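Okay, here's what each chain looks like letter by letter:
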Amino acid sequence: MYNILLTDDEQIVIDSLTMILNKNFEGQITIFSASSGTKALEIARSTAIDIIFMDIHMPGMNGLETISLIKRIKPNIVIIILSAYDQFQYAQEALNLGAFKYLTKPVNRNLIAQTAREAMNQVDSERGKLTDSIELRQKLSVVSTMVESDFIYSCIFNNKGTDFSEYLNYFGIEGLPYFFACLEISDIPNEKRYDVYVKIRDALGGKCRCVTGSFMGDRIGVFFPLAKNENPEELTREIYTLLATKISGKVKIGASEIERDIMKAQNAYNAAAACLSKIEDEGVAFSGKGSAQESGKGSGASLAEKAASRLVAAIRGGNSSAAAGLAKEYCALLYQAFEGQNDKIKGSLFETLVKERGAASQANPDYKDEDSAGDFSFFAKTNEREQLEKYFLERSSECAASAAMSKGSQENPIALKARQYIDSHLAEPQSLESLAEILGVSPFYLSKLFKEQTGETYINYVTSARLEKAKRLLSDGALIIKEISADVGYNDQNYFSKLFRQKYGETPSEYRQKMLGSGDGE
């Protein structure tokens, strides 16, 4: 029996694949479906999926990002890319991430069946390599690692919406207090990252009771429930010494103060992460404390930290224009303070973005933090300053715009600026990508925003705005139809007339004749 997950944002594709697979493998398969990368990751985490058919371009977390995350938690899942994009770079990246096959749409049903059978053979081969005892230990290890990572992720990103009691029961943690630690391990080659992660888990598990998350950039969040009379500072220093002797990379640990309310876990993690800025090279730092050994790069780091605080405050206040400027200032200060320390810079950007999303959630309870999983994937694989800054500035603007909204009270300022720009540039090319660049947000965010705010897709909104302006010009009678077509962005008059008739049920000439009592022809 094989569990197959179909992931595509078009339901017709999922339905077609379901029909083909059921016809060819009746009684051999159980089919699951997901319309987004985030949902696919959730199903892959909670279900024993064997094979995944994955689209690349989907809302939120795209297919390549999803593959990367799924392969980290379940490396033996067989993934088949099914995409309308046949560019070599997509295929190469997908295969580098561990995809089994890359197929381009439209695909013959016989090829779908053949590829599925090959994937099943691959699953059988992997199953045959494991004895029952090894397989059991592997499953238990994966489940434990997944649950721990989910718990840490929920503490950091989804504090308000999580029922932590189920996690605490699973870990057998009956009471608090606790503290959070943020570990930063630098100078580790990517090919050794997993081995280092295993060493850290084993070392921490052998030393004390804790819940260890997975790598986020070069950092790992760790939750430490405290036994009676256990001192977090002493424990942190002992852990630092232990890791420093076992790991070849540089080790830094920031620790929060003791907390007793699990709903403050996000604050505790943020405090622990902030402590890392006090450490120049290696060592430990504690919330609210500092020393010569634990201090950062002096005024540069301090200025960057202050800029980050002002940025988060601007986002919490929904001040989009101020947030854009502060985000640029923060990036510049960060690169000045930590020149050449790319992992440090990426970690700081990631942490500040976590705080920004938290500020947006506080200001606007309806804000949905849908893209946070994509943040981790982006920072993990990107090193170019220009790309990092562009991504950070876009996310900051989006957070500020979301914070500016409260349910039912006002229009998102980004959407307002977009509509104003479109209305004043109807005669010019209006691609979603170019407008997103002008507004300093991502095309995906702008597309989603238009749908939420106007009830229309971006292209439908632009088309409607152009045709509404055309109606006004036709009613005026001052311009001929060819001039009106060009004035609203259509150089092809026949195409303009076709769109007009589709929307209003009559040609531009017929509409003008009705409004003015005469026509001038097309």
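This report concerns the structure included in the present document. (Residues numbered from 1 in each chain as written. Predicted model: local features only at pLDDT ≥ 70, side-chain atom pairs only at ≥ 80, totals over all residues. Heavy atoms only, no water.)

**Details of the overall build of the protein**
For the record, the criterion: In this description a helix means any DSSP run of H or I spanning at least four residues, a strand means any run of E spanning at least two, and both kinds are numbered starting from the N terminus. Between buried and exposed lies partly exposed: a residue is buried under 20% and exposed over 50% of the maximum accessible area for its type, with that area taken using a 1.4 Å probe on protein chains only. The contact criterion used throughout is that any non-hydrogen atoms of two residues lie within 4.5 Å. All accessible-area figures derive from a Shrake-Rupley calculation using a 1.4 Å probe, and residue coverage is judged against the displayed protein chains alone.
Of regular secondary structure, the protein possesses 22 helices and 10 strands. Every one of the 522 residues in the protein was classed for burial, and the buried ones make up 49%. Across the protein, every contact between residues at least 6 apart in sequence was considered, and the portion connecting residues at least 24 apart equals 67%. Counting only carbon and sulfur atoms, one obtains 49% of the accessible surface of the protein, whose full area is about 24900 Å².

**Brief notes about the packing of aromatic side chains**
Centre-to-centre distance and the angle between the planes together describe a pair of aromatic rings. Defined as follows: Each Phe, Tyr or Trp ring, with Trp reduced to its six-membered ring, pairs with another whose centre is within 6.5 Å; inter-plane angles below 30 degrees give stacked pairs, above 60 give edge-to-face pairs, and intermediate values give tilted ones. Remark: a charge is flagged as sitting over a ring if the NZ atom of Lys or the CZ atom of Arg is within 6 Å of the ring centre and within 35 degrees of the ring normal.
What the rule picks out here adds up to 21 aromatic pairs. Plain terms: the ring middles of F180 and Y269 are 5.8 Å apart, the flat faces sit at 85° to each other, and that makes the pair edge-to-face. Placement of F180 in strand β6 (residues 178-186) and of Y269 in helix α10 (residues 265-275) is noted, with a sequence separation of 89 residues between them. With respect to class, F180 is no different from Y269; both count as buried. For the pair F378 and F379, a centre-to-centre distance of 5.6 Å together with 80° between the ring planes defines the contact as edge-to-face. Like F378, the residue F379 is buried in the burial classification. Each residue in the set F151, F164, Y167, Y170, F171, Y178, F180, F223 and Y269 is aromatic and connected to the rest through ring pairs, giving one cluster. The side chain of R193 reaches across the aromatic face of F215, ending 4.8 Å from its centre. When the ring centre of Y391 is taken as origin, the NZ or CZ atom of R395, which lies over that ring, is 4.3 Å away.

**Overview of the environment of I81**
Structurally, I81 can be placed in strand β4 (residues 78-83). Residues I81 and G63, 18 residues apart in the sequence, show an inter-C-alpha distance of 8.3 Å.

**Here's the deal with the sheet that holds β6**
What counts here: Note on pairing: two strands pair once DSSP finds at least 2 bridges between them.
The mixed open sheet is built from 5 strands, whose spatial order is β7-β8-β6-β9-β10. Of all the strands in the sheet, the pair left with one neighbour each is β7 (211-212) and β10 (283-286). Summarising the sheet, β7 and strand β8 (residues 219-225) pair through 2 bridges and their orientation is antiparallel. If you follow T212 over to β8, its bridge partner there is V222.

**Things to note about the sheet that holds strand β3 (residues 51-54)**
The condition is simple: Lines are fitted to the C-alpha atoms to define the axes, a helix being fitted only along its stretch in contact, and any angle between axes, read from their N-to-C directions, falls within 0 to 180 degrees.
Reading across from one edge, β2-β1-β3-β4-β5 is the order of the 5 strands in this open sheet, with parallel pairing throughout. The sheet is open, and its two borders are formed by β2 (29-34) and β5 (101-104), each paired with just one other strand. Looking at each pair of strands side by side, their axes are set apart by 20° on average, direction ignored. In the sheet, strand β1 (residues 2-7) pairs with β3 via 4 bridges, with the strands oriented parallel. Paired with I4 across the strands is I51, a residue of β3. Contacts between helix α2 (residues 37-46) and the sheet are confined to β1, β2 and β3, with β2 contributing the most and set at about 140° to the helix.

**Concerning the pattern of salt bridges**
Side chains that carry opposite charge are capable of pairing whenever their charged atoms lie near each other. To keep things clear, this is the line we draw: Here, a salt bridge means any Lys or Arg side-chain nitrogen found within 4 Å of an Asp or Glu carboxyl oxygen.
Scanning all chains against the criterion turns up 16 salt bridges. The residue R219 makes a salt bridge to E184 at a minimum N-O spacing of 2.7 Å. Of this pair, R219 sits in strand β8 while E184 is found in strand β6, placing the two residues 35 residues apart along the sequence. In terms of burial, R219 and E184 fall into one category: buried. As a salt-bridge pair, E398 and R395 come within 3.0 Å of each other at their nearest N and O atoms.

**Side note on the packing of helix α16 (residues 413-424) against helix α18 (residues 443-454)**
The line we're drawing: Note on terminology: angles under 35 degrees are roughly parallel, angles over 145 are roughly antiparallel, angles of 65 to 115 are roughly perpendicular, and the others are oblique. Three classes are used: nonpolar for Ala, Val, Leu, Ile, Met, Phe, Trp, Tyr, Cys and Pro, charged for Asp, Glu, Lys and Arg, and polar for all others, with Gly counted as polar.
Packing of α16 against α18 brings their axes to within 10 Å, and their N-to-C directions diverge by 90°. Compared by their axis directions, α16 and α18 come out roughly perpendicular. Contacts between α16 and α18 involve I414, A415, A418, R419 and I422 from the former and Y445, L446, L449, F450, Q453 and T454 from the latter. For the contact of α16 with α18, the residue count by class is 8 nonpolar, 2 polar and 1 charged.

**Examining the packing of α16 against helix α17 (residues 432-439)**
Put simply, the rule is: If you view the pair so one helix is near and one far, a crossing is left-handed when the near helix is turned anticlockwise from the far one by less than a right angle, and right-handed when it is turned clockwise.
Running from N to C, α16 and α17 point in directions that differ by 120°, and their axes come no closer than 11 Å. If you check the angle between α16 and α17, you find them oblique. Our pair here, α16 against α17, has a crossing hand that is right-handed. Between α16 and α17, the residues in contact are I414, K417, A418, Y421 and I422 and L435, I438 and L439, respectively. The residue makeup of the contact of α16 with α17, split by class, is 7 nonpolar, no polar and 1 charged.

**A few points about the side chain of K471**
Under the convention used in this document: For this count, His and the chain ends are skipped, Lys and Arg are scored as positive, and Asp and Glu as negative.
Counting through the fold element by element, K471 comes out in helix α19 (residues 458-476). Buried within the structure, K471 lacks any salt-bridge partner; its nearest side chain of opposite charge belongs to E468, at an N-O separation of 4.2 Å.

**Some details on helix α13 (residues 342-363)**
The condition that has to hold: Expected helix span is computed as 1.5 Å times (number of residues minus one).
The terminal C-alpha atoms of α13 lie 31 Å apart, and with 22 residues this matches the ideal 32 Å at 1.5 Å per residue to within 8%. Among the 22 residues that make up α13, 16 are buried, leaving the element largely enclosed by the rest of the structure.

**Some points on the nonpolar core**
We apply this condition: To qualify as a nonpolar core, a set must consist of buried Ala, Val, Leu, Ile, Met, Phe, Trp, Tyr and Cys residues joined through side-chain atoms within 4.5 Å.
Among the nonpolar cores identified, the biggest contains 83 residues, and M54, F151, F180, F223 and L349 are the most heavily contacted of them. Ranked by the residues each element gives to this core, the list is headed by helix α12 (residues 320-337), at 9 residues. Aside from chain neighbours lying at most four places away, what touches M54 is T7, A40, G63, T66, I67, I70, I79, I80, I81 and L82. Of all hydrophobic cores here, the second largest spans 27 residues; its members include F179, A181, V196 and I253.

**A word on the pairing of β1**
Convention followed: The handedness rule is simple: strands pointing away from the viewer, and a clockwise path from the first strand over the helix to the second, make the crossover right-handed.
Here β1 lies mainly inside the structure; 6 of its 6 residues are buried. Along β1, one buried face is formed by Y2, I4 and L6 and the opposite face, lined by N3, L5 and T7, is buried too. Inspection of the sheet shows β1 paired to β2 by 6 bridges, in the parallel sense. The residue of β2 that forms the bridge with Y2 is I29. In this view, the connection linking β1 to its parallel neighbour β2 by way of helix α1 (residues 11-24) has right-handed handedness.

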